[in-house]
Amino acid sequence: MEYLKGISEESTHTGQPTRRELLEEIAILQSVLESTSASIFAFDKNFNYIAFNKSHQQTVRTGRGIDLKIGDNYLEIARMNGGTDGDKTQKIFKRVMAGETIEVIEEFGDLALHRASFSMICNPMYDHEGQVNGMTVFCQDVSERVALEKEVEEKSHLLNGVLDNLPVITYEVDAEGIFTKSVGSGLQAVGLQNDELVGKNAFESFPAAAVELQKALAGKSGQFVSKLDWDGQEYVYQNNVFPSPDQQGSITGFALNITQQHQAEIALLKAKEKAEQAMLAKQQFLTNMSHEIRTPMNAVIGMTHLLLQEDPKPDQLENLNILKFSSESLLSLINDILDYSKIELGKVTLEKIDFNLIELINSIKQAHNLHAEGKEVFFNINIDPKLPEILIGDPVRLTQILNNLISNALKFTNEGYVIVDLSMKKIVDDLVDVSFTITDTGIGIEPALKDYIFESFTQASADISRRFGGTGLGLAITKRLIELKGGKIYVDSTLGKGSSFFFDLQFKKSNKKSGYTMPALVFESLAGFKVLLVEDNEINTIVAGKFMKKWDLDIDYAIHGIEALEKVKKNEYDVVLMDLQMPKMDGYEASTAIRNLSGKRFKELPIIALTASVLAEINNQVMDAGMNDYISKPFNPMELYSKIAKYVRKR
Ligand code: ADP
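What counts, and at which threshold
Residues numbered from 1 in each chain as written. Predicted model: local features only at pLDDT ≥ 70, side-chain atom pairs only at ≥ 80, totals over all residues. Heavy atoms only, no water. Helix = DSSP H or I, 4+ residues; strand = E, 2+ residues; numbered from the N terminus. Rg over C-alpha atoms; globule rule 2.2 N^0.38 Å. Buried < 20%, exposed > 50% of the residue type's maximum accessible area, 1.4 Å probe, protein only. Contact = heavy atoms within 4.5 Å. Core = buried A, V, L, I, M, F, W, Y, C linked by side-chain atoms within 4.5 Å. Axes fitted to C-alpha atoms, helices over the stretch in contact; angles between N-to-C directions. Parallel < 35°, antiparallel > 145°, perpendicular 65-115°, else oblique. Left-handed = near helix turned anticlockwise from the far one by under 90°. Nonpolar A, V, L, I, M, F, W, Y, C, P; charged D, E, K, R; others polar. Pairing = 2+ DSSP bridges. Salt bridge = Lys/Arg side-chain N within 4 Å of Asp/Glu carboxyl O. Arc of directions from axis to C-beta. Polar contact = N/O pair within 3.5 Å; in protein donor to acceptor, adjacent residues only side chain to side chain. Phe/Tyr/Trp six-rings, centres within 6.5 Å; stacked < 30°, edge-to-face > 60°. Lys, Arg positive; Asp, Glu negative; His and termini not counted. Disulfide = S-S within 2.5 Å.

**Q** Break down the overall build of the chain for me, citing the residues and quoting the values.
**A** From N to C terminus, the chain includes 20 helices and 22 strands. By the compact-globule yardstick of 26 Å for 651 residues, the chain is too spread out, its C-alpha radius of gyration being 51 Å. For the chain, the spread of C-alpha atoms along the principal axes amounts to about 160 × 65 × 45 Å. Here the chain holds 651 residues, and the buried ones make up 42% of them. A separation of at least 24 residues holds for 57% of the contacts in the chain among residues at least 6 apart in sequence.

**Q** Go over the nonpolar core with me, naming the residues and quoting the values.
**A** One recurring pattern in soluble globular proteins is that nonpolar side chains are buried together. With 45 residues, the main nonpolar core has Leu398, Leu402, Leu422, Phe436, Phe501 and Phe503 as its most contacted residues. A per-element tally of this core places helix α12 (residues 395-411) first, with 7 residues. The residues touching Phe436, leaving out its near neighbours within four places in the chain, are Leu398, Leu402, Asp421, Leu422, Phe501, Phe502, Phe503, Asp504, Leu505 and Phe507. Membership of the second largest hydrophobic core comes to 27 residues, among which are Ile66, Tyr74, Val104 and Phe118.

**Q** Just give me the short version of the packing of helix α16 (residues 561-570) against helix α17 (residues 587-596), but keep the residues and values in it.
**A** Interaxial distance between α16 and α17 falls to 9 Å at its minimum, and their mutual angle equals 25°. One way to sum up the angle between α16 and α17 is to call them roughly parallel. The element α16 and its partner α17 pack so that their crossing is right-handed. Contact residues: Gly561, Leu565 and Val568 in α16; Ala590, Ala593 and Ile594 in α17. Across the contact of α16 with α17, the residue classes tally to 5 nonpolar, 1 polar and no charged.

**Q** How would you sum up the sheet that holds strand β20 (residues 575-579)? Please name residues and give values.
**A** Across the sheet, 5 strands lie side by side as β19-β18-β20-β21-β22; this open sheet has parallel pairing. The sheet terminates laterally at β19 (554-558) and β22 (629-632), the two strands that pair on one side only. Neighbour-to-neighbour, the strand axes of this sheet turn through a mean angle of 25°, independent of strand direction. Pairing of strand β21 (residues 607-611) with β22, which is carried by 4 bridges, proceeds in the parallel orientation. Within β22, the position partnered with Ala609 by the bridge is Tyr630. Docked against the sheet, α16 engages β18 (530-534), β19 and β20, running at close to 140° with respect to β19. Where α17 meets the sheet, it contacts β20 and β21, and its direction lies at approximately 150° from that of β20.

**Q** How would you sum up the pattern of salt bridges? Please name residues and give values.
**A** Within this structure, the stated rule accounts for 18 salt bridges. The closest approach of N and O atoms between Lys567 and Asp556, which form a salt bridge, is 3.4 Å. Taken together, the residues span a long stretch of sequence, with Lys567 in helix α16 and Asp556 in strand β19 at a distance of 11 residues. Look at Lys567 and you get partly exposed, because its relative accessible area is 22%. Ionic pairing is found between Glu563 and Lys567, a salt bridge with its closest N-O pair at 3.7 Å. Of this pair, Glu563 and Lys567 are both found in helix α16, 4 residues apart, which corresponds to roughly one turn of the helix. Among the charged side chains, a network of salt bridges with common partners joins Glu103, Arg145 and Glu149.

**Q** So what about the packing of helix α10 (residues 314-344) against helix α14 (residues 474-484)? Which residues, and what values?
**A** At their nearest, the axes of α10 and α14 sit 10 Å apart, and the two run at 35° to each other. Both α10 and α14 take part in a crossing whose hand is left-handed. Residue-level inspection shows Asp336, Asp339, Tyr340, Ile343 and Glu344 of α10 in contact with α14, the latter providing Ala476, Ile477, Arg480 and Leu481. Per-class residue counts for the contact of α10 with α14 are 5 nonpolar, no polar and 4 charged.

**Q** Can you explain α17? Please cite residues and give values.
**A** The set of residues buried in α17 consists of Gly587, Ala590, Ser591, Ile594 and Arg595. All buried residues of α17 fall inside an arc of 135° around its axis, so they share one side. Contacts from the buried residues of α17 go to α16, β20, α18 (600-604) and β21. Of the residues that open α17, the one with a side-chain oxygen 3.1 Å from the backbone nitrogen of Tyr588 is Asp586.

**Q** Provide a residue-level description of the sheet that holds strand β9 (residues 233-243), including the pertinent values.
**A** Here 5 strands make up an open sheet; going across it, the order is β7-β6-β10-β9-β8 and the pairing antiparallel. Edge strands, defined here as strands with exactly one partner in the open sheet, are β7 (179-183) and β8 (222-230). Between one strand axis and the next, the sheet turns by 25° as a mean value, whatever way the strands run. Pairing of strand β6 (residues 168-173) with β7, which is carried by 4 bridges, proceeds in the antiparallel orientation. The partner of Val173 across the bridge, within β7, is Phe179.

**Q** Give a detailed account of the packing of aromatic side chains, specifying residues and quantitative values.
**A** The full count for this structure, using the stated rule, is 21 aromatic pairs. Cluster of aromatic residues (ring-pair linked, three or more members): Phe41, Phe43, Phe47, Tyr49, Phe52, Tyr74 and Phe93.

**Q** Go over the side chain of Lys485, please, and point to the residues and values.
**A** Locating Lys485 in the fold gives a position in the loop between α14 and β16 (489-494). The side chain of Lys485 sits in the buried core without any salt bridge; Asp394 is the nearest counter-charge, 5.6 Å away. Those residues in contact with Lys485 that sit more than four places away from it in its chain are Leu350, Asp394, Arg397, Leu398, Ile401, Leu505 and Phe507.

**Q** So what's going on with the pairing of β8? Residues and values would help.
**A** As judged from the 9 bridges shared by β8 and β9, these two strands associate in the antiparallel manner. Pairing of Ser226 across the sheet is with Tyr237, part of β9. Counting the residues in the hairpin turn of β8 and β9 gives 2 residues, including Asp231, whose phi is positive at 55°.

**Q** Describe the state of the cysteines, listing the residues and the values that go with them.
**A** For the coordinates displayed, the defined rule picks out 0 disulfides. Its sulfur unpaired, Cys139 is 8.6 Å from the next cysteine sulfur, which belongs to Cys122. The exposure class assigned to Cys139 is buried, which follows from its relative accessible area of 7%.

Shown next, in the form of structure tokens:
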């Protein structure tokens, strides 16, 4: 207590504390120093201890097994503790001795080889003349803090490394929308410098993203695509923006260069457009082809039918039958190809009409009976009596499916039977599930080819076509039609024993008393009715005309729309058959013009379109032009008869 010398014991009335008061104060300070876990000590100019607290004494004891005494040299003890790189510390201490306050972080090890980081806050100590005569040190274990700082530093180093090398631009935008930062190799990649965006307005730079920027400024993250024109090139960026974590009201954003993906997307879109155009061209080609091929086919088949009915000589009869058979095969091939393309193009729409199931099955049976009798194959169709008689569905497509399967079965069966079974699988409310089975005792199908036969243009073996004919399209069409109706077809077959084809279809039960029935095969006279046939193709006119004459119809002709319009105005017809593609005025225009004439009879006159097109759109176009119905060319005499009969008899 050297420095208490000269301080009086009693109060001196000078306001100076007495020696006792000072001693009390020192005692308080001492107890504070002793109770802290920090090491506190002081040494003179020669680094010899002049004071230390218990905590420091304890640290030195556990650290080096030394009992610290006043007068011990700090530098020596520190060196023993594995710390204090003498030079560095001496330099710092010199600065403290010159009057600075400095914090040093030092690492020390103890006897157990634990190393720890210590913060040493060094303060100069002054004598009563104001001269530095030593220093005090406040020393604390800051290992946790140091470790944490190290971790943060490592992480931020890593992050900066990532940000610098990612092909992105990282930016910050303040509350006013001004860029305050822009960094990242994404900038250099396009020849820009870091911070080149600083000072620019983000709303002007990203005009399309105002809403997203506004949202981010209001505290919500968002995404947008921006474009940058630089050096005559356009760059496209995917931006992610979010409120800056540290500064309120500002945004941080990342812009990733997606120019290449963007270009690829555009190329893909163009390719898609091209493919769609090609599809359209294919469709158009089909329409034209069907028109071109089916019109002369119409003539060939029609004329053959007529010649056969005109009492030919026996040797002509044989030739005509070959002509009839070949032209019909050719037509069915064309129809199959068109039908298949239509399904593939998604142009087939299924009808939902009331039809009489029993009558439909009976007429299918009738149509195939002849074929079966010729081969002495037993052929029958069994209908489950539980099945409702009138159903709602597409009778024409159902007929097509059954015809395909039955004609295959008959084609590939030479003895035994072909049996078709229709059974009711279940009925829930008005939904009826019907199971169809077509079984034959024919040549059968090799197991490996069971799935293959449903592909287009495939037959089970190379000699099938030679032996049985066919194109390999029938089952492909059948399968797709069944799938369109929501069903699936399966086959069970043993080579040499026979085959069974199965599928289920769902229909709605109709509460009508009668439905669509197959047209009758007998042609009753239609004498007394007058028809106007509007058709530019002479051969078609002759063929259709000859048929209609057989049915005793009174026929008038027009070769284009303008002539048709004139004739309709002058004469009373019971029905107009209107070709669609004609010179001068086509069938659509002519029909619209007829409907626009004033007078009830022009509104009610039945107009039936004649079309060689196979496209589903035709139906709508025909209806839009005010026509009542359409018949596809080449005419099936039965269809031509039944449609004419239907409309004239209504009148
Ligand atoms: P195709 O017009 O050639 O008959 P399909 O698609 O209808 O074409 O049939 C494809 C092939 O499947 C036939 O060529 C035949 O090899 C085989 N096939 C189809 N139905 C039967 C059947 N009931 N019995 C034996 N083979 C059949």
